[in-house]
Amino acid sequence: DIQMTQSPSTLSASVGDRVAITCRASQNINNFLAWYQQKPGRAPKLLISRASALESGVPSRFSGSGSGTEFTLTISGLHPDDFATYYCQNYGSYSYTFGQGTKLEIK
Amino acid sequence: EGQLQESGGGVVQPGGSLRLSCVVSGFTFDEYAMHWVRQVPGKGLEWVSGISWDSGTWGYGDFVKGRFTVSRDNGKNSLYLEMNSLRLEDTALYYCVTTGLSVADAFDLWGRGTAVIVSS
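All values derive from a computational prediction rather than experimental measurement.

Calculation criteria
Residues numbered from 1 in each chain as written. Chains lettered and ligands numbered in written order. Predicted model: local features only at pLDDT ≥ 70, side-chain atom pairs only at ≥ 80, totals over all residues. Heavy atoms only, no water. Pairing = 2+ DSSP bridges. Helix = DSSP H or I, 4+ residues; strand = E, 2+ residues; numbered from the N terminus. Axes fitted to C-alpha atoms, helices over the stretch in contact; angles between N-to-C directions. Core = buried A, V, L, I, M, F, W, Y, C linked by side-chain atoms within 4.5 Å. Buried < 20%, exposed > 50% of the residue type's maximum accessible area, 1.4 Å probe, protein only. Contact = heavy atoms within 4.5 Å. Disulfide = S-S within 2.5 Å. Phe/Tyr/Trp six-rings, centres within 6.5 Å; stacked < 30°, edge-to-face > 60°.

### Looking at the sheet that holds strand β8 (residues 78-83) of chain B
Residues and elements named next belong to chain B.
Right, so step 1: The four strands lie next to each other as β1-β3-β8-β7, forming an open sheet whose pairing is antiparallel. Among the strands making up the open sheet, the edge pair consists of β1 (3-7) and β7 (68-73). The mean angle between the axes of side-by-side strands here comes to 15 degrees, regardless of whether they run parallel or antiparallel.
Right, so step 2: Taken together, the five bridges between β1 and strand β3 (residues 18-25) define a ladder with antiparallel strand orientation. If you follow Q5 over to β3, its bridge partner there is V23.

Here you go:
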């Protein structure tokens, strides 16, 4: 089974900062990687699919990169609305594995 | 915009059964693959089960071990999850989600979830 490992588990930052969250797969997953944002009491929201394809309506300060086993979600210029938990996910045919999540906190 | 509304959650004793339902609106349900994803409060996300648009293929997370059955009724725009032999560790919020036209894609639309509590 593919394992997805995110780092860090918690990230403290300030409004306006540029932050990066890393996701590592236990084997090559090509670009079958998505990123989600989840706020307390809400369902997750898809931000990025295919490692770098921004979903419609997602601000351009969010970007994704990587391929194979190493992936990064970058937020350039944090807004107050961005403080949330972020999950990476590998997806395939009836095989979907999430990372453990990264909580982005206000410093 | 599409909407997914789950129901059927509740409190059940270990070994008991529940049937979750998800009614969909705002998109062509019978073209879309559908899934169930769960989340223990305060914890991470876990894929439970999925089914293709035509019910031709389906799959389950390893932890299901034959206890759950996924199904759909395209005439009713509905997705179901029959859960038997429930365990304490099945306690979670269960989300109905879609991956669009393909089974092998990201989860692009989520419901608000229905809570399942397994407790003696």
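That was the structure; now back to the text.
### Some details on the nonpolar core
Right, so step 1: Within the largest apolar cluster, 26 residues are counted, with the highest numbers of intra-cluster contacts made by B:W36, B:L79, B:L81, B:M83 and B:Y94.
Right, so step 2: Of all the secondary structure elements, the ones that give two or more residues to this core are β3, β4 (33-39), β5 (45-51), β7, β8, β9 (92-100) and β11 (114-118) of chain B.
Right, so step 3: The biggest single contributor to this core is β3(B), with four residues.
Right, so step 4: Non-local contacts of B:L81, meaning those with residues more than four positions away in its chain, are made with B:L18, B:R19, B:L20, B:W36, B:V48, B:S49, B:F68, B:T69, B:V70 and B:Y94.
Right, so step 5: Residues A:I21, A:F62, A:L73 and A:L78 belong to the second largest nonpolar core, which totals 25 residues.

### Quick word on the pairing of strand β9 (residues 85-92) of chain A
Successive residues of a regular strand alternate their side chains across the two faces of the sheet.
All names here are of chain A.
Right, so step 1: When you tally the buried positions in β9, you get eight out of eight residues, the bulk of the element.
Right, so step 2: Neither face of β9 is left uncovered, since the one carrying T85, Y87, Q89 and Y91 and the one carrying Y86, C88, N90 and G92 both have all their residues buried.
Right, so step 3: The pairing of strand β4 (residues 33-38) with β9 spans six bridges and is antiparallel. Considered in β9, the bridge of Q38 is made with T85.
Right, so step 4: One ladder, built from two bridges, connects β9 with strand β11 (residues 102-106); its direction is antiparallel. Counterpart to T85 in the pairing with β11 is K103.
Right, so step 5: The pairing of β9 with strand β10 (residues 95-98) spans four bridges and is antiparallel. The residue bridging G92 from the neighbouring strand is S95, located in β10.
Right, so step 6: Hairpin connection from β9 to β10: two residues lie between these consecutive antiparallel strands, with Y94 at a positive phi of about 60 degrees.

### Some points on the side chain of B:T99
All names here are of chain B.
Right, so step 1: The residue T99 is located in strand β9 in this model.
Right, so step 2: Classification of T99 as buried rests on a relative accessible area of 2%.
Right, so step 3: Those residues in contact with T99 that lie beyond four places of it in its chain are A33, H35, D105, A106, F107 and D108.

### A few points about the state of the cysteines
Residue and element names in this part refer to chain B.
Right, so step 1: What the rule picks out here adds up to two disulfides over all chains.
Right, so step 2: With a sulfur-sulfur separation of 2.1 Å, C22 is cross-linked through a disulfide to C96. Because the sign of the S-S torsion sets the handedness, a value of about -75 degrees for the bond joining C22 and C96 places this disulfide among the left-handed ones. Of this pair, C22 sits in strand β3 while C96 sits in strand β9, and the two are 74 residues apart along the sequence. C96 matches C22 in its accessibility class, with the two residues each being buried.

### Some remarks on the packing of aromatic side chains
The relative placement of two aromatic rings is captured by the distance of their centres and the angle of their planes.
Right, so step 1: A full pass over the atoms with the stated rule returns eleven aromatic pairs over all chains.
Right, so step 2: Centre to centre, the rings of A:Y36 and B:W110 are 5.8 Å apart; their planes meet at 80 degrees, and the pair counts as edge-to-face. Of this pair, A:Y36 sits in strand β4 while B:W110 sits in strand β10 (residues 109-110), placing the two residues on different chains. Judged on exposure class, the residue A:Y36 and its partner B:W110 are both buried.
Right, so step 3: Ring geometry for A:F62 and A:Y86: centres 6.4 Å apart, planes at 40 degrees, overall tilted. Taken together, the residues A:F62 in strand β7 (residues 62-67) and A:Y86 in strand β9 connect sequence positions 24 residues apart.
Right, so step 4: Residue A:F62 is classed as buried on the basis of its relative accessible area of 4%.
Right, so step 5: A relative accessible area of 0% places A:Y86 in the buried class.

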